[in-house]
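# Descriptive structure summary
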Amino acid sequence: MVLKVFFPSCCSSADSGILIGRWISEQNSAVILAVVHFPFIPVQVKQYLGEVQRVTKVSVSVLGSWSNSKQEKEESLSEFLEDLGTIFCHEPWIQISKEGDSKFWSCSILQKHSKNPQEEEIILVYYDQRKVMLSHLHPSLDTAGQRAEDASKLSAIFDTVARSQVLFMTDRYDEGPIKLTHWQSDGVEASIIVELLKQASVPACMLLTFLLSLLSGICRSRVLKFWPLSFLWSKLSTCEQLGHRLQHLQVISSNKKAQNQNQLMRKANIFVSLLIDVALGILLMSWLYRKNRIGHLADTLIPVADHVAEELQDLLQWLMGAPAGLKMNRALDQVLGRFFLYHIHLWISYIHLLSPFIEMILWYVGLSACLGLTVALCILSDIIALLTFHIYCFYVYGARLYCLKIYGLSSLWRLFRGKKWNVLRQRVDSCSYDLDQLFIGTLLFTILLFLLPTTALYYLVFTLLRLLVVIVQGLIHLVVDLIDSLPLYSLILRLCRSYRLAAGVKFRVLEQQDGKPLRLLMQINPLSYGAVVQTYRLPTYSCYPRDSWASLCKKLFLGELIYPWKHKGDKQN
C-alpha cells in the first residue's frame, strides 16, 4: 500500500522536532502543517493542538518526528524522537530525517501497536504552503469518473491547509512555550496600507450604505410610478444601467461578510469593474471638454441629421417612381410616399427647433460620463434612438400595414379551401360558406394580393434601415454588457497570481532511488482564462435574442415587430 506524506517545502531547513498535521485515513495520507522544534513540553503541545482543533475544526495531531542531521551531530536526539511515538500515540508514526548535505531524505514508518505490520511504499510530496493556503481549488467541469474522485482527494488537502490558518499566526517572535516552523515563521505577513484601508472602509461603507438606502427609497417611491416617469424608466437604457450600477453599489457597501470564495470574488469583481468603468468615463469626459470638442460635435450633429433626412427623401422619391424597374400600384405608392415625406418634414422641423439647445444638452450629457463609461454609452444609445425615431416610425407603419395584409391573405386563403380559424380551440376547422361570402372573399383577396408588392417594398426598405440602427445599438449594448459582466479582478488575479485560482495540481519527480522514498514536487495548475470568465462572469440586465434565427426570419416575413438585441428587466448570467 502507498502512503503519501505531504511535506511543506518551507520546513526543509527546520530544526529537529515533531511533525504536526492531519492524518487522512481514507486516502492513507498525512498532511504536514508545521514542525514543533525543541525545547517543548508534550503537555503544552497537546493543549495547543486542542485549542487549534476547537477553532479550526480540523483534527490536528502529532504525526511523527523530524530530524535535521546537522543538529544530530551536536545533540543525540534520535532515540528521544523515537520515544515520542509512545507519548503522542499516533499510528502510524512517521519519521523523516535529512541526511546532511545529501539531496536524498530517509522516511520510515513505525507501527508499534499493529500486530501484522506491513511494509508500505512511501511517497514524499513537497508543496508550497503559502500558495496552497491562499489558492482556491475549483471543481473540474468534467466531474465524471476518475477526475471527480481525484478532485475530491485534492480538495481535502487544500481544505486542510486553508482551514489551519490560525496555526500559522504564531511566528518565531512570539514569546510562547511552543516554537513552530511554517511558512510564516519569520514573521506574520501584514501590510500597514491594507490595515489602514480596512479601518477606513468601515465608516466609508456606513456612509455609502446610508446614501444608497436613501437613493433606493427615492427610486421605490410612488413618484416614479406615474405614467411619464415609469415609461421613461422602463424604456431608456440609461435608467436601466443606473439601476444596475445602484445594485452593484449596494452589494459592495453591504456590511455582511462574504460566506464563501464565490461571494468574495463577486464583490471584488464588481468593485474593480466599477472602478475601471468610472476611470474610463472620467477619461472620456476630459477628452470631450478639451479643445471645445462638445461645440464641434454640436455643430456637426445638425448637418448630419439634415443629410440623413435628405437621403431619406431621395429614397422615398425613388420608391414613388419605378424602383428597379418594378411596376407598383401608383395610387397606393403616392399615398405612402407623401405620408412618409410629411413625417420627414416634421422631423426636420423638430431638429431645427432644438438646434439652439443641442450644445447645452451635449454639455450636460458629457458630465454624466463621470458616472462611468457604460452610462455614457447607454446615453449614446438613447440619443441614437431619439435621432432615428422617424426611421422607427416608418418601420412600425410599414410592418403593421404589411402584417395586416399577410394575415388578411392567409385568412382569405382558408376561406377558398372551406376552412376557418377556431379561436377557442386554436386550430383550423372546416366551414361551409355561401356564394356571397365567397364572392366578397375573392374580391378582397384580389385587392390585397395586387397591393401586396407595393406595401412589401416599403416594408423591406424601412426594415433594412431599422435593422441598421438596431445593429449599431446592439454593438453599443454588447460593449456595455462586456464591461458589466467581465470579471476583471479575477483576470488580473489570474495574470499576476495564477496560483490563487487553481484548477488542479501536477507532480514533478525530484529524486528517485532504490530504498529511498520517491520525492515529488506538487505544483498548482491555474485555471485557463476562458474558465475564469465562465466561472466568475457577472450577471447583466440585458441578454441576447431569445429567439432563434429561424424564428426571427419568420417574424420578419410575417411583419411582426422584433427587438432582437435587448430585453429589459431580465437578468441573465
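The rules behind each value
- Residues numbered from 1 in each chain as written.
- Predicted model: local features only at pLDDT ≥ 70, side-chain atom pairs only at ≥ 80, totals over all residues.
- Heavy atoms only, no water.
- Buried < 20%, exposed > 50% of the residue type's maximum accessible area, 1.4 Å probe, protein only.
- Phe/Tyr/Trp six-rings, centres within 6.5 Å; stacked < 30°, edge-to-face > 60°.
- Helix = DSSP H or I, 4+ residues; strand = E, 2+ residues; numbered from the N terminus.
- Expected span 1.5 Å × (residues − 1).
- pLDDT = per-residue confidence, 0-100.
- Contact = heavy atoms within 4.5 Å.
- UniProt positions renumbered as here; feature names shortened; annotations may be inferred.
- Core = buried A, V, L, I, M, F, W, Y, C linked by side-chain atoms within 4.5 Å.
- Arc of directions from axis to C-beta.
- Patch = residues over 30% accessible without salt bridge, like charges linked within 9 Å, V, L, I, M, F, W, Y side chains within 5 Å.
- Areas by Shrake-Rupley, 256 points an atom, 1.4 Å probe, with all protein chains shown as cover.
- Salt bridge = Lys/Arg side-chain N within 4 Å of Asp/Glu carboxyl O.
- Axes fitted to C-alpha atoms, helices over the stretch in contact; angles between N-to-C directions.
- Parallel < 35°, antiparallel > 145°, perpendicular 65-115°, else oblique.
- Left-handed = near helix turned anticlockwise from the far one by under 90°.
- Nonpolar A, V, L, I, M, F, W, Y, C, P; charged D, E, K, R; others polar.

The next thing to look at is unusual backbone geometry. Look at Asn28: it is not a glycine, yet its phi comes out positive at around 55°. In this structure Asn28 comes out as buried when scored by relative accessible area, which is 8%. One non-glycine residue, Lys57, lies in the positive phi region at around 60°.

Geometrically, a pair of aromatic rings is defined through the distance of the ring centres and the angle of the planes. Applying the stated rule across the entire model yields 15 aromatic pairs. Look at Phe389 and Tyr392: their rings are 6.2 Å apart centre to centre, the planes differ by 35°, and that puts the pair in the tilted class. Placement of the pair is Phe389 and Tyr392 together in helix 14 (residues 389–416), with a separation of three residues, close to one helical turn. With relative accessibility at 44%, the residue Phe389 sits in the partly exposed group. Through successive ring pairs, a cluster of aromatic residues spans Phe339, Phe340, Phe394, Tyr397, Tyr458 and Phe462.

If you check helix 8 (residues 237–253), its first and last C-alpha atoms are 24 Å apart, about what 17 residues at 1.5 Å a residue would give, namely 24 Å. Burial runs high along helix 8: twelve of the 17 residues are buried.

In the predicted model, the chain carries a mean pLDDT of 80, and the fraction of residues at 70 or more is 82%. When mean pLDDT is compared element by element in the chain, helix 16 (residues 488–496) scores highest at 91, while helix 2 (residues 69–72) scores lowest at 55. Considering only residues more than four positions removed or in separate chains, one finds that residues 564–573, a stretch of pLDDT under 50, has 41 contacts.

For the rest of this paragraph, the subject is the UniProt feature "transmembrane region" (unreviewed entry) in the chain. With numbering aligned to this structure, UniProt lists the feature "transmembrane region" (unreviewed entry) at residues 200–219, 270–289, 335–354, 361–388, 394–416, 437–461 and 467–492. Secondary structure over residues 335–354 splits into 100% helix and 0% strand, and the C-alpha atoms at its two ends are 29 Å apart. A helix fraction of 100% and a strand fraction of 0% characterise residues 394–416, whose end C-alpha atoms lie 33 Å from each other.

Attention now moves to the nonpolar core. If you look at the biggest cluster of nonpolar residues, it comprises 41 residues, and the most contacted ones within it are Val45 and Leu167. Ranked by residue count, the leading element in this core is helix 5 (residues 146–163), at five residues. Once residues within four sequence positions are removed from consideration, Leu167 is found in contact with Ile20, Leu33, Ala34, Tyr48, Val52, Leu180 and His182.

What follows is about helix 17 (residues 529–536). Within helix 17, the full set of buried residues consists of Ala531, Val532 and Tyr536. Angularly, the buried residues of helix 17 cover 105° about the axis, an arc narrow enough to put them on a single face. Where helix 17 is buried, its residues contact strand 8 (136–137), helix 9 (261–288), helix 16 and strand 12 (501–511).

This paragraph deals with a nonpolar patch on the surface. A contiguous nonpolar surface patch, about 620 Å² in accessible area, is contributed by Phe357, Met360, Ile361, Trp363, Tyr364 and Leu367. When you line up the elements, Met360 lands in helix 12 (residues 358–367). Taking relative accessible area as the criterion, Met360 reaches 45% and is therefore assigned partly exposed.

What follows is about the pattern of salt bridges. Under the definition given, this model contains four salt bridges. Salt-bridge contacts for Asp484 lead to Arg245; the nearest nitrogen and oxygen are separated by 2.9 Å. Of this pair, Asp484 sits in helix 15 (residues 435–485) while Arg245 sits in helix 8, placing them 239 residues apart in sequence. A salt bridge links Asp429 to Arg427, with the shortest nitrogen-to-oxygen separation between them at 2.9 Å. Asp429 sits in the buried class, given a relative accessible area of 16%. Judged by relative accessible area, which is 42%, Arg427 ranks as partly exposed.

Before going further, it helps to examine the packing of helix 11 (residues 330–354) against helix 15. When two helices pack together, their arrangement is given by the angle between the helix axes and the distance between those axes. Packing of helix 11 against helix 15 brings their axes to within 10 Å, and their N-to-C directions diverge by 25°. As judged from the angle between their axes, helix 11 and helix 15 are roughly parallel. Seen along the crossing, helix 11 lies across helix 15 with a hand that is right-handed. Of helix 15, the residues touching helix 11 (which contributes Leu332, Asp333, Leu336, Gly337 and Phe340) are Leu451, Thr454, Thr455, Tyr458 and Phe462. Partitioning the contact of helix 11 with helix 15 into residue classes produces six nonpolar, three polar and one charged.

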